[in-house]
Amino acid sequence: PVTHVYQVMEALDEGDAVSTIARDVARMLSDFGQPSRILARFWNERLHDEVYPLHYALSYSGHLIFHYWGYNTSEWLLNASKGRKAIYYHNITPPEFFVRDRMLYERMKRGYKQLCSIMHHFDLIIGDSWYNIHELRLYKQKLLPSIAIYPVIEAELLSQKVFDRSLYERLRGSKEINIIFVGRIARNKRQDRLIELFDYYYREINLNARLWLIGSNTGDPEYYSDIERLRARLDSGDRIHCTGKVSESELYAYYRAADVFVCASEHE
């Protein structure tokens, strides 16, 4: 009988980096005759046709690719599954980047602790960078083969993606320099530094510019409040925009319209 390979996710959503990678891997696995559906505990209802619930793995023998980026409640599946297992490690954001004693702080702490208890289950380490694979060296109890699979960027396919034309035309039609960063509002991503950088650029170099901070702003309300207060007191404040989470077509419009992408992350 054919042995299948299943991907396991704590949660599958639209737009976030880990989910995007898992969905790309699902398409590649499908090309090799493997199941295209991802096993998940939680999922965005719009992705219903791409998901099976976790218990599906108990009905069919197979190997698992276990995506990990923080504390995972599906540890039981590692004990229950008899197939071989790979950890696909996307790294854990260090707890110090979160407010102490809040949910995300505790979840990241539990995630690092959980790594110590689950690493013996795995036969292979996959990372989306060697940075991530190197981080696991502190947690593995035996030598394991490792492979870095960088996110696949196919320029030709990306150029064919549907984008929000009205948004694109509005951004380009302004004739302004559009500077963007894409990523959730989070302390480790240092949107505050990007704002300070932009304010200097605006005051000293080019008054005809805008900064677009694209990504969810709900994960760390305290930091988002700090960002808004910083923006409000700067000369360039009305030219700095926090968009919140955007649709895929809007995201492609921002990328097409951007003159430069700037990142100041202190992690990764």
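A brief structural summary.

The rules behind each value
Starting afresh in each chain, residues are numbered from 1 along the sequence in its written order. Under the rules for a predicted model, residues below a pLDDT of 70 receive no local features and side-chain atom pairs below 80 are neither given nor counted, while totals for whole chains, interfaces and linings still include all residues. The basis for every side-chain value is the complete set of non-hydrogen atoms in the structure, without hydrogens or water. Salt bridges, as used here, are contacts in which a Lys or Arg side-chain nitrogen is within 4 Å of a carboxyl oxygen on Asp or Glu. Under the DSSP-based scheme used, a helix requires at least four consecutive residues in state H or I and a strand at least two consecutive residues in state E, with every element numbered from the N terminus. Exposure classes here rest on a 1.4 Å probe applied to the protein chains alone. A residue is buried below 20% of its type maximum, exposed above 50%, and partly exposed in between. For two strands to be treated as a pair, DSSP must find at least two bridges joining them. Whenever a helix is involved, its axis is fitted only over the stretch in contact; in every case the axis is a line through C-alpha atoms, and angles between N-to-C directions fall within 0 to 180 degrees. For this analysis, a nonpolar core means a set of buried residues of the types Ala, Val, Leu, Ile, Met, Phe, Trp, Tyr and Cys, connected via side-chain atoms within 4.5 Å. Whether two residues are in contact is decided by their heavy atoms: any pair within 4.5 Å suffices.

**Section: the pattern of salt bridges**
Turning to step 1, where the next piece is worked out: One pass over the structure, following the stated rule, counts 17 salt bridges.
Turning to step 2, where the next piece is worked out: Among the ionic pairs, Glu 10 bridges to Arg 41, the shortest N-O distance being 4.0 Å. Residue Glu 10 is found in strand 1 (residues 4–12), and its partner Arg 41 is found in strand 2 (residues 38–43); the two are separated by 31 residues along the sequence.
Turning to step 3, where the next piece is worked out: Arg 193 is the partner of Glu 266 in a salt bridge, and the nearest nitrogen-oxygen pair spans 3.5 Å. Of this pair, Glu 266 sits in the segment after strand 11 (260–261) while Arg 193 sits in helix 7 (residues 191–204), and the two are 73 residues apart along the sequence.
Turning to step 4, where the next piece is worked out: The exposure class assigned to Glu 266 is partly exposed, which follows from its relative accessible area of 40%.
Turning to step 5, where the next piece is worked out: Taken together, the shared-partner salt bridges in this structure form one network comprising Arg 190, Asp 192, Arg 193 and Glu 266.

**Topic: the sheet that holds strand 4 (residues 62–68)**
Turning to step 1, where the next piece is worked out: Pairing is parallel across the open sheet formed by seven strands, whose spatial order is 3-2-1-4-5-6-7. The strands lining the two open edges of the sheet, one partner per strand, are strand 3 (51–53) and strand 7 (146–148). Pairwise comparison of adjacent strand axes, ignoring direction, gives a mean angle of 30 degrees for this sheet.
Turning to step 2, where the next piece is worked out: Bridge count for strand 6 (residues 124–127) against strand 7 is three bridges, and the pairing is parallel. The residue of strand 7 that forms the bridge with Gly 127 is Ala 148.

**Some words on the nonpolar core**
Turning to step 1, where the next piece is worked out: Membership of the largest hydrophobic core comes to 28 residues, with the highest contact counts inside it found for Tyr 68, Ile 87, Tyr 89, Leu 115, Met 119 and Leu 136.
Turning to step 2, where the next piece is worked out: Looking at this core, the elements that each hand over two or more residues are strand 1, strand 4, helix 2 (75–80), strand 5 (85–89) and helix 3 (103–118).
Turning to step 3, where the next piece is worked out: In terms of residues, this core owes the most to one element, helix 3, which gives five residues.
Turning to step 4, where the next piece is worked out: Among all residues touching Met 119, those that are not within four sequence positions of it are Ile 87, Ile 125, Leu 136, Tyr 139, Lys 140, Gln 141 and Leu 144.

These results come straight from atomic positions and should not be treated as a statement about function.
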